[in-house]
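Given next are the chains, with one letter for each unit.
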Amino acid sequence: MLKVGAFVQLACVAAAPLVLWLSAPTAYIRGVDLEGRDAIRFAAPLASRGAQIVQISPDGETVVARGRPGVMAFTLLRAGALPLPLAGPGGACASSAGAQT
Amino acid sequence: MSDAALVPIRRAGARLLVGAFAANCVVLGAVGLTAGKSGAFPVVAIAVALTLIPTVWVFRSETVDAAQRIALALTAVCFPGLFLYLMSGHLWQMDMHMYFFAMLAGLTVLCDRRALIAAAGLIAVHHLAFSILAPDWVFAGGGDIPRVMLHAVIVVLQTGMLLWVVGQLSALITGKAEEVQRSLALQVEADVARGEAEASLKALKIAQAEAERHRAAEESMRRAAEAADRRRLVADALEARLGAIVSDLNSMGVQLASSKEELVRLLSGAALRSEQLRKSHRRAEQEVRAVAADTGALVSSIHAVGTNSGEVRDTARAAASATRQLEPEINSLGGTVDAASQILGIISQVAAQSHMLSFNAAIEAARQSGDGSGFLVVASEMKLLSSQTAEATRQIERHLTDIRAATASVSSAISDATGKVLSIDVSTAGIVEAVSDQIRATTEIAAAADEMAAQIDAASGDVEALDRVLSEVANAMQQADQIATSVSARSVELDQTVRSVLAELRAA
């Protein structure tokens, strides 16, 4: 019983950053199409959830959007894409707070 | 090395950390409200969620196992991360990194190296991962690998030091616990040895008690024999002593009876003397009162004597004055007598001349014979006259001498009378003073008589008290007589009882 509690506590610790990211008011997200190279199909549902489409890769594999991360991740998962967090619009680590806002 | 000794300190450390988690929740909420961050609520919610499960652990179980300690350590380093996230973009975000080191140091309360290593690893992973995925969550203005590596080196150094401290602390605590266990084991051995010693002592006491019982039995038998001998001796001695006491009691009863008769006689005499004393007292009282009355009369008569003495003194003084007034008269009388003497001398000369004349006339008559007879008659008459005159003169002289002598004696008598009157005055003055002394003395005598009368009155109370005492003595004597009678009867009973007891004692 105590071991289970420790596991649950560790899970909470691990989930904390994800919860923080999902609950952020705005963030960049990359959606990787898991069913082909037709990432442009994500643009409509994301836009309908208030997200801003920042970039679609030329090969159609990924889409980069900016908006409420929880909503965008849910939308991408329902549409068949893998949502990944991004630090900036191009996925670079040099993004700043000003860039996010 | 057993970790059992570390259980209490680890439990206390876990409770301390849970308390710190709760405090962090509050501070996070306060910082979120102060900073006005929109993401403050999820941060606080995550902090509360991270605090709940450890809180349940530490207050429901007595031990904190290794997995829980690791989970607690990882949870602890989440709170600085939450502060960093909440303060992202703030100038103090970089300063909040120190909280990681503080929290890492605080994990030493768990006394667990693995928990420390896990926490340090999570800090490194946190920095590396978020410097890539969300650099704003870690470094204000973005971070880079060298800064992360610098932080990691510092974390490694601190972790190394903390691991050494935890090792030393754990060794110290477990060593102390082992010492305590050894001392407890020794105490148990000492208790066992003491129990064995007490059992041996109890057995020894039982044996001693048994020996004591044997000895007591022998002693009681010996004492019984001695007691039988002693009873016989005591019976003999008791008979002798009690017989003497009983005979003494009988003789004392007889003496008491005779003493009672003597006391009755003395009491009768005392009562008679008391009655005589009462009568004497009454007489004395009457006499003293008569003396007091006589003394009052005496005082009055002495007062009269004093008054009369004063009058005598005044009379004596008047007599002295009158006597003194006689002295000039007497002196004048002496002068008159002297003047009469001088006249008498003249008369004597006249008588002598008359005699001479008569003699010459006789001679002349004789010469003239016849013619001179008449003349002779005259001469004889003149001679007779001169003789009578001389005789009268001598008689007057004698009378004057007698008058002078009488005057001198009267003067002397007056002087004597004056002296006597003066002495009478002095004597009456002495009498007055003596009378005053007598008045004072008689007054004191009267006061003494009154006081004596009061004393006699008081003595009257004493006489009555003496009568009461004699009455009480008579009653007490009556009771003593009854007691003496009772003692005599009891002595007879005692004699009989002693004889029966002695018979029984000898029989025993």
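Residues numbered from 1 in each chain as written. Chains lettered and ligands numbered in written order. Predicted model: local features only at pLDDT ≥ 70, side-chain atom pairs only at ≥ 80, totals over all residues. Heavy atoms only, no water.

Colleague: Explanation requested: the overall build of chain B in the structure shown.
Modeller: Broken down by element type, chain B carries 7 helices and 0 strands. Scored against the burial criterion, the 508 residues of chain B give a buried share of 28%. A separation of at least 24 residues holds for 82% of the contacts in chain B among residues at least 6 apart in sequence. Carbon and sulfur atoms make up 65% of the accessible area of chain B, which amounts to about 30500 Å² in all. (Helix = DSSP H or I, 4+ residues; strand = E, 2+ residues; numbered from the N terminus. Buried < 20%, exposed > 50% of the residue type's maximum accessible area, 1.4 Å probe, protein only. Contact = heavy atoms within 4.5 Å. Areas by Shrake-Rupley, 256 points an atom, 1.4 Å probe, with all protein chains shown as cover.)

Colleague: What is the right way to look at the overall build of chain A in this model?
Modeller: Along its length, chain A carries 4 helices and 4 strands. Overall, chain A shows an N-to-C arrangement of helices and strands of α-β-α-β-β-α-β-α. For chain A, the proportion of contacts with a sequence separation of at least 24, taken over those separated by at least 6, is 65%. A total of about 5200 Å² of accessible surface is found on chain A, and carbon and sulfur atoms cover 64% of it.

Colleague: Can you walk me through the interface of chain A and chain B in this structure?
Modeller: Many structure descriptions define interface size as the accessible area lost when the parts assemble. In this complex, chain A contributes 24 residues to the contact, which on the side of chain B involves 25 residues. Where chain A abuts chain B, roughly 2000 Å² becomes buried across the two surfaces, and 74% of that area is made up of carbon and sulfur atoms. Applying the counting rule to chain A against chain B returns 0 salt bridges. At the boundary of chain A with chain B, the tally comes to 2 residue pairs in polar contact (both at pLDDT 80 or more). Elements that contribute at least two residues to the side of chain A that touches chain B include exactly helix 1 (2–23) and helix 4 (97–100) of chain A. It is helix 1 of chain A that provides the largest number of residues to the side of chain A that touches chain B, a total of 15 residues. (Buried area = accessible area lost by both parts, 1.4 Å probe. Salt bridge = Lys/Arg side-chain N within 4 Å of Asp/Glu carboxyl O. Polar contact = N/O pair within 3.5 Å; in protein donor to acceptor, adjacent residues only side chain to side chain.)

Colleague: Looking at this model, I keep getting lost on helix 2 (residues 40–60) of chain B. Mind explaining?
Modeller: For an α-helix, 3.6 residues make a turn, and residues three or four places apart therefore share a direction. In a regular helix each residue adds 1.5 Å, so 21 residues correspond to 30 Å; helix 2 of chain B covers 31 Å between its end C-alpha atoms and thus fits that length. Where helix 2 of chain B is concerned, the buried positions are A40(B), P42(B), V43(B), I46(B), A47(B), L50(B), T51(B), P54(B), W57(B) and V58(B). (Expected span 1.5 Å × (residues − 1).)

Colleague: Help me out: how do you make sense of a nonpolar patch on the surface in this one?
Modeller: A cluster of nonpolar side chains, namely V4(A), F7(A) and V8(A), defines an oily patch on the protein surface of about 290 Å² accessible area. Here V4(A) lies in helix 1. (Patch = residues over 30% accessible without salt bridge, like charges linked within 9 Å, V, L, I, M, F, W, Y side chains within 5 Å.)

Colleague: How should I be thinking about the packing of aromatic side chains in this particular structure?
Modeller: Within a pair of aromatic rings, the relevant descriptors are the distance that separates the centres and the angle that separates the planes. Residues and elements named next belong to chain B. Tallied over the full model, the rule gives 4 aromatic pairs over all chains. A ring pair is formed by F21 and F79, whose centres lie 4.9 Å apart and whose planes are at 20°; its orientation type is stacked. Highlighted residues: F21 in helix 1 (residues 7–35) and F79 in helix 3 (residues 66–86), separated in sequence by 58 residues. The exposure class assigned to F21 is buried, which follows from its relative accessible area of 0%. With 4.8 Å between their ring centres and 80° between their planes, Y85 and W137 make a pair best called edge-to-face. One end of the pair, Y85, is in helix 3; the other, W137, is in the loop between helix 5 (113–133) and helix 6 (145–367), with 52 residues separating them in the sequence. Per residue, the accessibility class of Y85 equals that of W137, and both read buried. (Phe/Tyr/Trp six-rings, centres within 6.5 Å; stacked < 30°, edge-to-face > 60°.)

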